[in-house]
Amino acid sequence: MMLRQEPSLTSFAALQWLAEMGADEVVGDVPGLVGWKASPPKVIPLGRPTGLREPPAPPLTRSVSKLPSFQQPPSPLSPPPLPRVALVTAHTIDELREQIAAFEGCALKVTAMNFVFADGDPTSPLMFIGEAPGEEEDRQGKPFVGASGQLFDRMLTAAGIARKDVYITNTLFWRPPGNRTPTDAEIAACLPFVERHIALVKPKILILLGGVAAKTLLRVSEGITRIHGKWTSYTPLSEGAAPIPCLPFYHPSYLLRQTSAKRQAWKDLLTLKQRMKEEGIFPAAQTPHS
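These remarks concern the structure in this document. Being a predicted model, the structure only gives us computed values, none of them experimental. (Residues numbered from 1 in each chain as written. Predicted model: local features only at pLDDT ≥ 70, side-chain atom pairs only at ≥ 80, totals over all residues. Heavy atoms only, no water.)

What about the layout of surface pockets?
Space inside the largest pocket adds up to approximately 590 Å³. What lines the largest pocket is a set of 26 residues, among which Glu-131, Asn-179, His-251, Ser-253 and Arg-257 lie closest to the centre. Where the lining of the largest pocket is concerned, the elements lending two or more residues are helix H4 (135-140), helix H5 (147-158), helix H7 (211-218) and helix H9 (252-257). In the lining of the largest pocket, the residues fall into 10 nonpolar, 10 polar and 6 charged. (1 Å grid on protein atoms, 1.4 Å probe; cavity = no way out; pocket = protein on both sides within 12 Å on 5 of 7 lines; lining within 4 Å. Points joined across faces, edges and corners; volume = space filled by probe spheres on them. Helix = DSSP H or I, 4+ residues; strand = E, 2+ residues; numbered from the N terminus. Nonpolar A, V, L, I, M, F, W, Y, C, P; charged D, E, K, R; others polar.)

Remarks on the sheet that holds strand E6 (residues 244-249)
Strand order across the open sheet formed by 6 strands is E1-E3-E2-E4-E6-E5, with mixed pairing between neighbours. Since the sheet does not close on itself, it has two edges, and those belong to strand E1 (118-120) and strand E5 (232-234), each with one partner. On average, each strand axis in the sheet is tilted by 30° relative to the strand beside it, whichever way the strands run. Here 4 bridges tie strand E2 (residues 126-130) to strand E3 (residues 167-170), and the two strands are oriented parallel to one another. Residue pairing in the sheet places Met-127 in a bridge with Tyr-167 of E3. Of the strands in this sheet, E1, E2, E3, strand E4 (205-209), E5 and E6 are in contact with helix H6 (residues 184-201), which crosses E2 at around 170°. (Pairing = 2+ DSSP bridges. Axes fitted to C-alpha atoms, helices over the stretch in contact; angles between N-to-C directions. Contact = heavy atoms within 4.5 Å.)

Regarding unusual backbone geometry
If you check the backbone angles, Lys-202 has positive phi at about 55° while not being a glycine. Assignment of secondary structure puts Lys-202 in the loop between H6 and E4. If you check the backbone angles, Arg-219 has positive phi at about 55° while not being a glycine. Its location among the elements puts Arg-219 in the loop between H7 and helix H8 (224-227).

Quick word on the packing of aromatic side chains
Counted under the stated rule, the structure contains 9 aromatic pairs. Between Phe-115 and Phe-117, the ring centres sit 6.0 Å apart and the planes meet at 45°, which makes this aromatic pair tilted. Aromatic rings pair up to connect Phe-115, Phe-117, Phe-173 and Trp-174 into one cluster. (Phe/Tyr/Trp six-rings, centres within 6.5 Å; stacked < 30°, edge-to-face > 60°.)

Regarding the pairing of E4
Of all 5 residues that make up E4, 5 are buried, and the element is covered over most of its length. Neither face of E4 is open: one carries Ile-205, Ile-207 and Leu-209, the other Leu-206 and Leu-208, and all of them are buried. Both E2 and E4 contribute to a ladder of 4 bridges, which runs parallel. If you follow Met-127 over to E4, its bridge partner there is Leu-206. Across 4 bridges, the pairing between E4 and E6 is parallel. Residue pairing in the sheet places Ile-207 in a bridge with Leu-247 of E6. (Buried < 20%, exposed > 50% of the residue type's maximum accessible area, 1.4 Å probe, protein only.)

Notes on the side chain of Glu-186
Position of Glu-186 among the secondary structure elements: in helix H6. Taking relative accessible area as the criterion, Glu-186 reaches 8% and is therefore assigned buried. Side-chain polar atoms of Glu-186 contact the backbone nitrogen of Thr-183, separated by 3.0 Å. Leave out the neighbours within four places in its chain, and Glu-186 touches Cys-106, Leu-108, Leu-172 and Arg-180. (Polar contact = N/O pair within 3.5 Å; in protein donor to acceptor, adjacent residues only side chain to side chain.)

Some thoughts on helix H2 (residues 93-101)
Taken residue by residue, H2 has Ile-93, Leu-96 and Ile-100 as its buried positions. On an axial view of H2, the arc spanned by its buried residues comes to 55°, and they lie on one face. Counted as exposed and oriented over 90 degrees from the buried face of H2: Asp-94 and Glu-98. Against E3 and H6 lie the buried residues of H2. (Arc of directions from axis to C-beta.)

Quick look at the pattern of salt bridges
Per the counting criterion, the structure on display carries 10 salt bridges. The shortest N-O distance in the salt bridge between Arg-219 and Glu-195 comes to 2.8 Å. Here Arg-219 is found in the loop between H7 and H8, whereas its partner Glu-195 is found in helix H6, with 24 residues between them in sequence. Among the charged side chains, a salt-bridge network with shared partners connects Asp-119, Lys-142, Asp-153 and Arg-163. (Salt bridge = Lys/Arg side-chain N within 4 Å of Asp/Glu carboxyl O.)

Put into structure tokens, the structure is as follows:
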């Protein structure tokens, strides 16, 4: 049943009367009663509810401490690792040879053909130390046997000295590829063996052939052109050992490239010859010939 509203009734009475009469639907353009105005429907936005505070914006960057940890790969510009330092325990020349041959701390061992230890008489009063084996030395496993070795033999002969009467070794025991200059790491890896070598031989005079041997064992920065032919001393590492007279020489391979330096090398040989005479070394040696 549909009933229209009675305007004479109060709003509450009208609602009560309509309910008693069974009215269940409002008929009219505006759903309101006399004395009552319907409010317009509220429009609820589809976005964020009103009256709420905006949450703070997330920080642009996160703390470094909260970032996931990972292992940084080594940079190609990073310095190379330090060389392994050999613990030299040899008490004889033969033990030293075996210990060097078994040493794995020098990368040159991988590329070289042979291990080049020494040549000559280990009881000699003269000990010569060069730079590193060359191509022919690497092939034969013997120091100073190539072109520079042949010149070295002629230098000894000119000083009245036989090769078999001296002791010869190098600062490095393996050939650098292409006869390049040894790196600091390669020199440092072999240095403990070289110093032990000198301590075992106990020469009366030490001759250093070339800049690498001179700079390494004398701990100097000057080049061989400045210090060749000038007497200095090398102090062995052995406790209580006396300093050894030391004379830097041009390396024979340098003399092959710079023939003008042979005149200076000859003067250095005369300097050595005079010291040998004073020390009573090889008294039967002949006077050098020009």
